[in-house]
Amino acid sequence: MAKVPVQFTLNGSETAEFIDSGSTLLHALRDKIGDTSPKGGCHQGTCGACSVIIDGELRLSCLTLAENCNGTAITTTSGLSEGGVLHPLQRAFLDAFASQCGFCTPGMIMAAKVLLDHTPNPSRDEVVQALSGNICRCTGYEPIIQAVLLAARANSQNAA
Amino acid sequence: MELRKNYFADVRKDDLHEIGQDRPRSDSPGHVTGKTSFFADRNFPGMLHLKMVRSPHHHARIRSIDTSEAEKHPGVARVLTAKDVPHNVYTILILIQVGPEDETVLADGKVRFKGEAVVAVLADTERAAQEAAAKVKVDYEVLPAVFDMEEALKPGAPLVNEYHGQNYYLYDSGECRKVRFGDVEAGFAEADHILEQSYQSSPIEHAPTETTGCVVAPAGNDRFTCYTNTQAMFFTLDNTSIILQMPGSKLHFVGGTVGGGFGGKVDVIVEPIAILGAKLTGRPVSFIYSREEEMQISSPRAAEKVVIKDGVMKDGRIVARKVTGYTDAGAYSRHSPYGAQKGAGHYPGPYTIPNVWIDTYCVYTNRTPSSAMRGFGVTIGDFALEVQMDKLARLIGMDPLEFRFINAYRDGDMKAHRQPTEGAALIECMQEASRAADWPVAEKYMAMSSYAKGA
Amino acid sequence: MAIKRGRGVAAINYPTGMNLGGDPTQALVHSTPTGNFMVTLSSVDLGQGMKQIMAQICAETIGVPTDRVVVDTADTDTGPHCMGTFASRGTHRAGNAVIQAAKEARQVMLEVAAEELEVNASDLETDGLGNILVKGAPQKAISIFDVALSAHFKRGRSISGRGMFLIPRSYPEKETGAMKPSTCYAHACTVAEVEVDDETGEVTVLTVKNVFEIGRALNPKMVEQQLVGGSWMGISHALYETTEPYYPNRDHGGTDFNQYLMPGPGDLAETEIIVLERPSADGPYGAKGPGEMCANPQIPAVANAVFDAVGVRIDTLPITPERILRALRAQAAT
Ligand code: FES
Ligand code: FES
């Protein structure tokens, strides 16, 4: 199968790889580049576990062709903490006990990050909207909603 | 959440250091940073991907299988059929002596549900495996299928599974597991009212966000390491060892971090065939269910039918209860005979009833085999029991909550399966619910206790 | 046509484990040279937090803080046998095995400390912070760090223990069904409040008030995780979920999350959770298994609330708008 080069910035680092033409970004990230933080829960765009941020927008990496990502800046959950310090959203997920099995967590955090980047003080409804493309089977969602609201409050306190 | 420490304070010591404390979960930092390693996060050079050719029919005889085109497909390393599996006919509960072996790893001569595994294709990429699977030719002779449990139990119904010989599981007690306590007919005779009702459920999927699967790597020393999301490590290892006729010492299972189970990952479905593939090719193998397979091929919670006949007095006492439960096992046993039996041990629910009669059946039909799920053998029974309780209360014009107090079990009460009740707390739960939901009940019920009368 | 309200109640119990096949779990505990403790198991953490809970149980029993315990589980080359994580057995069975193993290790630890302090082991106690003290004379103490060093480098002792918990198999009596199918029972009572639109058949669960009796909340925050998630699943089962919507007809089964329905973050009922603790005689620190039963009472409570609202009984799960409308139509026809 024809190999094609892809090159993008992943969590701030220049990254390049040869992949099978037609591969998804999820496949490229997990199986070629070795960033397994996006999870494959359905490979059909219905669970949100594979969510990543491409140029500031929330994307399902299982429905994104890797070769279309050339030149973009991609953020995944594994790239959120800096210097060993957790991102406020990661901290909030811990404090709110918002992970059980944890399989949905990276995708949830991606969806929440895009929300908070655009809307630092979201209403509960806005949080619900932002998470509505992500499936969680363990938590019943409420702890996740609470975690996102907690992170927003922590952010605004730090900003103040 | 609120802990109500005032209940049972007399029997509880609260002077512990670590127990009862909200310690942070040690696994959560891994979850929020994406560093937790799930089985599918293991990737090995040269790894093969396994895809199943599945039956398009609910019930059919296999006349022939032609894998020649699939084998020639670029990237295909190996194609497996029933004859490649050393001990192809198995059942997982054989480990605890619950037989007979009734299921095939890969179909041999017959398929008994739509989606049943027939041929396994191993290829360099998922895509190649998928494409090659589409080239496998299976010639089927379609047979009549049966989907309805009542139909399945009628004489002359299509036989689902020859290993059983009839469309129900044969217990040592006969066609059903039985519980007999008191004299149920005498109870009905004395009752002021009789109510017989029937309840039904449909199959339910566990839907964990992580689908069932495993990644197998030959360790280079004749052993195989299997990274798996099974809910039961040795249960899966030991069954694999039987199916592959391979000493358990050659198998090394690593797991324990699972993206949700809910009972859906106890079936020993992916590991044996993936390890066989690794053994025959000498290469790592990944076998991961697609979401569609997880939804329709992995075993669901069984559909159940529950018929309850109760005799109740005007004063609220239930004097007789007869329950007939039917568990739709689908085409194979898996854990279902056990689940139906668990139901027999659960009825008549948390109530003290002097006359009880229980029959639970495990029925075979031509559908995806069902298996364990959160609340196995009990969840649907509780739905039936508690709706029935509501109907009974209304039938005699009593408040539904007060009606439950009258019948609630307490310490020392003998259960239908002849175990004395210990550690009961139903009454206290109802008292607290009465307060929390602002659903008042008479003072005498609020004064009740689960402790044995006179204790 | 109107939106109608109703409420319903349900009360249930639930068995911990199921020993109709024999039900064993084993555990090993040992200390490192500097007094940290390893728990070795082959039990599986499905997300409910088994690893964390086993660490807390081991820590409590040995008498050290939880962060000095590491749980190594689910590697068949190292971990002793566990039947598996199902039937609400994990915490109960593995927890009991860990307690037994930790007690044995604690005894060796106290014996080594006794030799170091030149007292009797029976005169020693732990402070839960990592020290061993002489009862009544707390100034005479030694850290577990030093005890472990001594055991390893000076006294040649292994601070370790083996734990085995087995509920023997119960064979149901053929004719009467007499059996001992499980150990302790958890309990619950749920009151659900719903709104039913009698024009569309749609049900909205407004509130669920759940009271759960679980023996002992070993880690209350983690118990809450289970109970909140379980309550959500119960409502989901009541109203939405099935792989065969027209069972026993095999067609129309959903194959993805767009077709297989569950309540999303915008469809949540206001959920109240109250926990009672009646410690079980045979549970680890009195715990029972809460993980399964917490999803059961909502189903009948919602069904009963629907009846209370619109006066029709839906005795077939799930309680879909279609079933409600058909029942309302049948009711109107009579
Ligand atoms: S894996 Fe991409 S949405 Fe499920
Ligand atoms: S925590 Fe398990 S799916 Fe969300």
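Note that the structure is a prediction, hence the values are computed from the model and not measured.

Draft legend 1. Layout of the interface of chain A and chain B. With 31 residues of chain A at the interface, the matching set in chain B holds 31 residues. For the pairing of chain A and chain B, the buried interface totals around 2300 Å² over both sides, and the portion due to carbon and sulfur atoms is 57%. When the buried surface of chain A facing chain B is broken down by residue, C101, F103 and R137 of chain A rank first, second and third, together holding 26% of it. For the pair chain A and chain B, the interface holds 2 salt bridges. Across the pair K39 of chain A and D41 of chain B runs a salt bridge, and its minimum N-O distance is 2.7 Å. Counting across the interface, chain A meets chain B through 11 residue pairs in polar contact (both at pLDDT 80 or more). Contributing elements (two or more residues each) for the side of chain A that touches chain B: helix 1 (25–33), helix 2 (88–95) and helix 3 (105–118) of chain A. The class makeup of the residues in the side of chain A that touches chain B is 14 nonpolar, 12 polar and 5 charged.

Draft legend 2. Just the side chain of S371 of chain B, in detail. Note on placement: S371 of chain B falls in the loop between strand 18 (356–364) and helix 10 (379–395). Once residues within four sequence positions are removed from consideration, S371 of chain B is found in contact with V266, D267, S299, P300, R301, A302, R334, H335, S336 and F376 of chain B.

Draft legend 3. Highlighting the domain arrangement of chain C. All names here are of chain C. Under the domain assignment used here, chain C contains domain 1 (3–16 + 183–333) and domain 2 (25–165). With centres defined by C-alpha atoms, the gap from domain 1 to domain 2 works out at 39 Å. Each partner contributes residues to the interface: domain 1 has 17 residues there, and domain 2 has 17 residues. Of the roughly 1300 Å² buried between domain 1 and domain 2 on both sides combined, carbon and sulfur atoms contribute 60%. Ranking the residues of domain 1 by area buried against domain 2 places M222, P284 and Y285 at the top, with a combined share of 40%. If you look at where domain 1 meets domain 2, you find 0 salt bridges. The interface formed by domain 1 and domain 2 includes 8 residue pairs in polar contact (both at pLDDT 80 or more). At the level of elements, strand 1 (3–15) and helix 4 (220–239) are the ones that each hand at least two residues to the side of domain 1 that touches domain 2.

Draft legend 4. Examining the pattern of salt bridges more closely. In this structure the tally under the stated criterion is 63 salt bridges over all chains. As a salt-bridge pair, R367 of chain B and E244 of chain C come within 2.9 Å of each other at their nearest N and O atoms. Taken together, the residues R367 of chain B in the loop between strand 18 and helix 10 and E244 of chain C in the loop between helix 4 and strand 11 (270–276) connect one chain to another. The same class applies to R367 of chain B as to E244 of chain C, namely buried. For the salt bridge of E244 of chain C with R250 of chain C, the shortest nitrogen-to-oxygen distance reads 3.7 Å. In this structure E244 of chain C comes out as buried when scored by relative accessible area, which is 2%. It is possible to trace a salt-bridge network through shared partners that takes in E111, E115, E116, K154, R155 and R157 of chain C.

The rules behind these values
Counting of residues starts from 1 at the beginning of each chain's written sequence and follows it residue by residue. To read the labels, note that chains go from A and ligands from 1, taken in the order they are written. Selection of residues for local features in this predicted model requires a pLDDT of at least 70, selection of side-chain atom pairs for listing and counting requires 80 or more, and totals for whole chains, interfaces and linings are taken over all residues. The basis for the side-chain values is all heavy atoms of the structure; hydrogens and waters are excluded. Any two residues whose heavy atoms approach within 4.5 Å are treated as being in contact. As used here, buried area is the combined drop in accessible area, with a 1.4 Å probe, of two parts when they are placed together. By salt bridge we mean one thing: a side-chain nitrogen of Lys or Arg within 4 Å of a carboxyl oxygen of Asp or Glu. What qualifies as a polar contact is a pair of N or O atoms within 3.5 Å, subject to a donor-acceptor requirement within protein and to the restriction that residues adjacent in sequence count only when both atoms come from side chains. A run of H or I in DSSP becomes a helix once it reaches four residues, and a run of E becomes a strand once it reaches two; helices and strands are each numbered from the N terminus. Any residue outside Ala, Val, Leu, Ile, Met, Phe, Trp, Tyr, Cys, Pro, Asp, Glu, Lys and Arg is labelled polar, Gly included; the first ten of those are nonpolar and the last four are charged. Note that domain bounds follow an automatic or database assignment of domains. Burial here depends on accessible area, computed with a 1.4 Å probe over protein chains only, as a share of the maximum for the residue type. Under 20% is buried, over 50% is exposed, and the range in between is partly exposed.

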